[in-house]
Amino acid sequence: MPYQQRLVTLAGYAVLLITALIFVFLVQQSWPFVREHGSLVFFTGDRWLPVSLPPVFQIGGFLVSSGIITGVAIIIGVPFGVLAAISLAELLPPGVSVIFRSIFEVTAGIPSVVFGFLGLKIVAPAVAGLFNLPTGLTGFSAGLVLSIMILPTLVSLSEEALRAVPREYAEASYALGANRWQTIWRVIVPSARGGIGAAVFLAMGRAIGETMTVLMIAGGRLAMPTSIFDPMRPITALIASEVNNAARNSIQYHALFTAGLILFMITFAVNAIAASVIVGKKAR
Amino acid sequence: MRTKYQAREIACLLALFLTVLPPLAAVLYIFVQALPGISFEYIFSMPARRGIEGGILPAIVGTLWLMFGTTLAVLPIGVGAGIYLAEFAPNNRLTRLLEMALVNLAGVPSVVFGLFGYTIFVIMLGFGPSILSASLTLAALTLPLVVTATRQALYGVPMSFREASLSLGATRWQTVSTIIMPCARTGVVTGTLLALARAAGETAPILITGAAFALPNLPRSFMSRFMALPYHLYISVTQIPAMPPERMWATAGILLFLVLAMQVGATIWREQERRKKQW
């Protein structure tokens, strides 16, 4: 085997190594916190008091906030995303679809800090005015902006799933006298639901992991949210906002790494579900 | 009855229109708002009075340094791994594990890359808060993008090219390096450009690996601390109440222009090359 081939093999395993290292370092840096303070209350409580004596670290409120914001993004984004994908795959001529597809590529390229800035300047005041709230910096505003950010993922993968449905299905449906919409809605969309499901889970993974937008728009309140119109702080925003101020190797520092480890495991699980849906479809 | 179904198709198209409208309007709005704040002085001078006056040259130069450093780090590993997966990886359990790692690496939240980069590069390897640490962190973040782009580009080269080369007595490595890679070059380069556009806009990974809000001079080496456009925008917006709005819009406009120019450039180039293809 020539040495160049050995080198690319090594590069391949470097990918495996880096992924493993991320997990290993998160566990290693979390361990001092887990060993001394690890308990179920860490997940269920909503008190986060890093500088009190004794300090209290509970991430329940942040987990619920992440869930609410992701939920809002998915509930708003998925119907639009799926309908847009149907338009691109089934209704529009290919030449027109290409233009729309490149617009989604542009959306995917807008940095999340820019989305956060726009959300702060435009979406938050609009939400405050529309729902008559004291502040527009709420979980709902963050979810609304995220619903736009996850559309490229949703639309491109859903479109791919719709296009992968064998042409014979549609032809059989037309032969039985169904019109175009009946064929799309009753035959093509149900046949593509595995792929569309995977798209939804991948979009969910993106929404959970999104950091700058939620850090800037969600409002940052530490308590357990009681409504989607509360200011809140999801788990990514917690880490980004405190990690610079936490003294290295303090208990707060290790608690933030523990939050990072939980976040890593959640996104890992969501992506694994998406991958298993795709693999399951291929196997069939 | 027909009209009922037509109404549903029109609703679909309306949804499509509503999904592309916000991002398009956002891009346009930012560029319009940014114009008044952009001047020769803003782009080419150092910040003064903690960023409230002067320009943002160090942020622009810092972002370029980061992209340079990220490219140096991610290209050999990313392209190498892409070649390995497409051309050499045996169909066994270890390869499937590698594929799984790749998918999961692509799904890791950017703030977690920040924690990882801080632990390994800033602390453990002792690079401190620096361009080097931040570039390596961004390289880890963009690695799955480069690997996937390389692999896709190689998959796009017809199998008959490999068979022809091998039948003439070339080794597998000779085939890959002299026949297959040149055919896949455009895909690799454009994929890397798209990954770098992503890196240029990331904030969370550089937040704790060395970015600073305002520095009086340009970075001197990979070990310097640095300003970067996304981080500068984030701090301006959230932590500097005295920051004039037109300066924030200008920073956002310059960042967006840089990122979109790379994206659109890479996409157009890819389409042109695709049209030229003979196979």
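Residues numbered from 1 in each chain as written. Chains lettered and ligands numbered in written order. Predicted model: local features only at pLDDT ≥ 70, side-chain atom pairs only at ≥ 80, totals over all residues.

1. A closer look at the overall build of chain A
In step 1: In terms of helices and strands, chain A carries 13 helices and 2 strands.
In step 2: Projecting the C-alpha coordinates of chain A onto the three principal axes gives extents of approximately 75 × 70 × 30 Å.
In step 3: Split into buried and exposed, the 284 residues of chain A put 50% on the buried side.
In step 4: Considering only intrachain contacts with a sequence separation of at least 6, the fraction spanning at least 24 residues in chain A is 74%. (Helix = DSSP H or I, 4+ residues; strand = E, 2+ residues; numbered from the N terminus. Buried ≥ 20, exposed ≤ 12 C-beta atoms within 10 Å, placed from the backbone. Contact = placed C-beta atoms within 7 Å.)

2. Quick notes on the overall build of chain B
In step 1: Along the backbone of chain B there are 11 helices and 2 strands.
In step 2: Along chain B, from the amino end to the carboxyl end, the secondary structure elements read α-α-β-β-α-α-α-α-α-α-α-α-α.
In step 3: C-alpha extents for chain B along the principal axes are approximately 70 × 70 × 35 Å.
In step 4: Looking at chain B as a whole, 49% of its 279 residues qualify as buried.
In step 5: A fraction of 76% describes how many contacts in chain B between residues 6 or more apart in sequence connect residues 24 or more apart.

3. Considering helix α12 (residues 235–242) of chain A
In step 1: Where burial is concerned, most of α12(A) is hidden: 6 out of the 8 residues are buried.
In step 2: Where α12(A) is concerned, the buried positions are Ile235(A), Thr236(A), Ala237(A), Leu238(A), Ile239(A) and Ala240(A).

4. As for the interface of chain A and chain B
How big an interface is tends to be stated in terms of accessible area lost as the parts join.
In step 1: Taken together, the contact pairs 64 residues of chain A with 66 residues of chain B.
In step 2: Looking at the side of chain A that touches chain B element by element, the count peaks at 17 residues for helix α1 (residues 3–37) of chain A.
In step 3: Considering only residue class, the side of chain A that touches chain B consists of 42 nonpolar, 21 polar and 1 charged. (Nonpolar A, V, L, I, M, F, W, Y, C, P; charged D, E, K, R; others polar.)

5. Things to note about the packing of α1(A) against helix α4 (residues 93–107) of chain B
In step 1: Two numbers describe how α1(A) lies on α4(B): the axes approach to 9 Å, and their chain directions differ by 55°. On the basis of the axis angle, α1(A) is oblique to α4(B). Every pair of crossing elements has a handedness; the one defined by α1(A) and α4(B) is left-handed. Across from Gly12(A), Val15(A), Leu16(A), Ile18(A) and Thr19(A) in α1(A), the residues of α4(B) making contact are Leu97(B), Leu98(B), Ala101(B), Leu102(B), Asn104(B) and Leu105(B). (Axes fitted to C-alpha atoms, helices over the stretch in contact; angles between N-to-C directions. Parallel < 35°, antiparallel > 145°, perpendicular 65-115°, else oblique. Left-handed = near helix turned anticlockwise from the far one by under 90°.)

6. A look at the environment of Val108(B)
In step 1: Take Val108(B): it is sitting in the loop between α4 and α5 (110–124).
In step 2: With residues near it in sequence (within four places) discarded, Val108(B) still touches Ile22(A), Phe264(A), Thr267(A) and Phe113(B).

7. Some words on helix α9 (residues 180–191) of chain A
Residues and elements named next belong to chain A.
In step 1: With 12 residues, α9 should reach 16 Å at 1.5 Å per residue; the first-to-last C-alpha distance of 15 Å fits that figure.
In step 2: For α9, the set of buried residues is Ile184, Ile188 and Val189. Axial view of α9: buried residues confined to an arc of 90°, hence all on one face. Looking at α9, the residues exposed on the side facing more than 90 degrees away from the buried face are Arg186 and Pro190.
In step 3: Looking at the buried residues of α9, the elements they touch are α3 (60–91), α7 (151–163), α8 (167–175) and α10 (193–209). (Expected span 1.5 Å × (residues − 1). Arc of directions from axis to C-beta.)

8. Notes on the nonpolar core
In step 1: Ranked by size, the top nonpolar core spans 176 residues in total, and within it Val114(A), Ile217(A), Leu143(B) and Ala252(B) carry the most contacts.
In step 2: Every residue in contact with Ala252(B), bar those within four places of it in the chain, is listed here: Val114(A), Phe117(A), Ile30(B), Ala34(B) and Leu233(B). (Core = buried A, V, L, I, M, F, W, Y, C linked by C-beta atoms within 7 Å.)

9. So, the packing of α3(A) against α10(A)
Residue and element names in this part refer to chain A.
In step 1: Between α3 and α10, whose axes approach to 10 Å, the crossing angle comes to 140°. Considered as vectors, α3 and α10 are oriented oblique to each other. As α3 runs across α10, the sense of the crossing is right-handed. In contact with Ser66, Thr70, Ala73, Ile74, Gly77, Val78 and Val82 of α3, α10 contributes Ile196, Val200, Ala203, Met204, Ala207 and Ile208.
In step 2: Looking at the contact of α3 with α10 residue by residue, the classes come out as 10 nonpolar, 3 polar and no charged.

10. A word on the environment of Phe257(A)
In step 1: Tracing the backbone through its elements, the reader meets Phe257(A) in helix α13 (residues 251–283).
In step 2: Overall, the presence of 27 C-beta atoms within 10 Å leaves Phe257(A) in the buried class.
In step 3: Separated by 13 residues in the primary sequence, Phe257(A) and Val270(A) place their C-alpha atoms 20 Å from one another.
In step 4: If near-sequence neighbours (up to four positions away) are discounted, Phe257(A) is found in contact with Leu26(A), Gln29(A), Ser30(A) and Leu115(B).

11. Brief notes about unusual backbone geometry
In step 1: Note the cis peptide between Leu53(A) and Pro54(A), where omega equals -5°.
In step 2: Look at Asn249(A): it is not a glycine, yet its phi comes out positive at around 70°.
In step 3: For Asn249(A), a count of 11 C-beta atoms within 10 Å corresponds to the exposed category.
In step 4: The backbone of Arg49(B) shows a phi angle near 45°, a positive value even though the residue is not glycine.
In step 5: With respect to the secondary-structure elements, Arg49(B) resides in the loop between β1 (47–48) and β2 (53–54).
In step 6: Of the residues examined, Arg49(B) has 9 C-beta atoms within 10 Å and is grouped as exposed.

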